[in-house]
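Summary of structural features
Residue strings, one per chain:
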Amino acid sequence: MFHQGSSQSLIGQAPAKVNLYLRVLSRRPDGFHELETVMVKLADLVDSLTWQRRDDGHLTLRVRQAYPRGLGRIPIPTDANNLVLKAAQRLQKETGTRFGAHIELLKRIPPAAGLGGGSSDAGITLVALNRLWETKVPQEVLLQLAADLGSDVPFFAAKNACMLGSGRGEILTPIPLQQRFALILARPAFGLSTPAVYRACHPEPEGFTAQEFISQLHTSPCSSLAHRLHNSLQEPAERLNADVGRLRELFSSEGITAHQMTGSGSAYFGICSSMQQARHVAERLKQLGIPWVYTSTTAV
Ligand code: C5P
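Residues numbered from 1 in each chain as written. Predicted model: local features only at pLDDT ≥ 70, side-chain atom pairs only at ≥ 80, totals over all residues. Heavy atoms only, no water.

Looking at the ligand, the residues that line it are Gly31, Phe32, His33, Leu35, Gly150, Ser151, Arg168, Thr194, Pro195 and Tyr198. In the model, an oxygen atom of the ligand is placed 2.7 Å from a nitrogen or oxygen of the His33 side chain. At a separation of 3.0 Å, a nitrogen atom of the ligand approaches a polar backbone atom of Arg168. Surface burial for the ligand is 73%, taken as the share of its 450 Å² of free accessible area covered by protein chains. When each cavity is represented as a set of grid points, the ligand is found to reside in the largest pocket. Every element with two or more residues in the shell around the ligand is listed here: strand 3 (33-54) and helix 5 (194-200). Here the shell around the ligand gets three residues from one element, more than from any other, and that element is helix 5. (Near = heavy atom within 4 Å. Polar contact = N/O pair within 3.5 Å; in protein donor to acceptor, adjacent residues only side chain to side chain. Areas by Shrake-Rupley, 256 points an atom, 1.4 Å probe, with all protein chains shown as cover. 1 Å grid on protein atoms, 1.4 Å probe; cavity = no way out; pocket = protein on both sides within 12 Å on 5 of 7 lines; lining within 4 Å. Sits in = over half its atoms within 2 Å of the grid points. Helix = DSSP H or I, 4+ residues; strand = E, 2+ residues; numbered from the N terminus.)

Rendered as structure tokens:
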């Protein structure tokens, strides 16, 4: 997850994720949605962070962006609205530590994509600062703090590469995954707002369950997962951003059998037979003008 920089700093990487399966089961009275989702971290698409301990208790953040020009400049807050600083503040409050931190964040994971970038930065920051500040908050408490920050944050504060998320996504069960998938990823020019996509979705209480999906994941070759990938948020996302549907058509025409949108979008992924195929398709998508294209294996 991370390693020692100097005696007072840590260096680490926050991975992106994709949702191989996401079923929205119902709307909850608290405004969230009850769901079941299978999430897997990516090995090659990561944000880079350093955490430098400060003795004056202050929390500061510098963000640099490493997206291709096609995505344009995406405003990312560097003040208390950034989830990384919220995570640091939350841990300070919980522990009463006198330490602060200066955090450097290099963003490669595009925002508003359903790839979990902001949640991952926050999740790993909780774990890193708990070590750097020697605050010794137990993992179960850290996961609770993570859940207060966002539904996906506990997944990134946990070590496992692949997990089932239930509740609003924060109740986690590890899924042992032996195989690595070769993925092609793409994001249209415009991202999607998570609350807007959830508001537009129709819960699907019936259908192929997460448990059934997980047993297929263990037993099937990846070609047969094509009919098993599922995301309840894709249909509303396609209504809100027509580019998502265009990516679906493009992935089909490029001969990728298993593909879908990740999370609440707008990024889209396909499972390829090899990294060689993924790189080949990536070149094609770049030539066709897709603003952000990436290849990665899943982590194990
Ligand atoms: O938990 P998080 O802050 O990531 O959620 C952002 C928004 O996404 C929520 O305010 C809610 O509108 C929506 N959401 C939801 N059900 C979930 C997760 C998120 O409705 N399980």
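A word on the layout of surface pockets. By volume, the largest pocket amounts to about 1,100 Å³. Considering the residues around the largest pocket, the lining is formed by 49 residues, among which Leu83, Ser119, Asp152, Thr194 and Ser264 are closest to the centre. For the lining of the largest pocket, the secondary structure elements donating two or more residues are strand 2 (9-27), strand 3, helix 1 (83-95), strand 5 (100-107), helix 2 (117-132) and helix 5. The class makeup of the residues in the lining of the largest pocket is 22 nonpolar, 19 polar and eight charged. Listing elements by their share of the lining of the second largest pocket, those giving two or more residues are strand 2 and strand 3. Among the elements that take part in the lining of the second largest pocket, strand 3 stands out by supplying four residues, more than any other. For the lining of the second largest pocket, the residue count by class is 11 nonpolar, two polar and two charged. (Points joined across faces, edges and corners; volume = space filled by probe spheres on them. Nonpolar A, V, L, I, M, F, W, Y, C, P; charged D, E, K, R; others polar.)

For the rest of this paragraph, the subject is the packing of aromatic side chains. With the rule as written, the count across this model stands at four aromatic pairs. Taking 4.9 Å as the distance between ring centres and 70° as the angle between the ring planes, the aromatic pair formed by Phe251 and Tyr268 counts as edge-to-face. Within this pair, whereas Phe251 is found in helix 8 (residues 242-253), its partner Tyr268 is found in strand 11 (residues 268-272), the two being separated by 17 residues in sequence. Each member of the pair, Phe251 together with Tyr268, is buried. If you follow Lys41 out to its NZ or CZ, it ends over the ring of Phe155, 4.5 Å from the centre. The ring of Phe99 carries Arg53 above its face, with NZ or CZ at 4.1 Å from the centroid. (Phe/Tyr/Trp six-rings, centres within 6.5 Å; stacked < 30°, edge-to-face > 60°. Buried < 20%, exposed > 50% of the residue type's maximum accessible area, 1.4 Å probe, protein only. Lys NZ or Arg CZ within 6 Å of the ring centre and 35° of its normal.)

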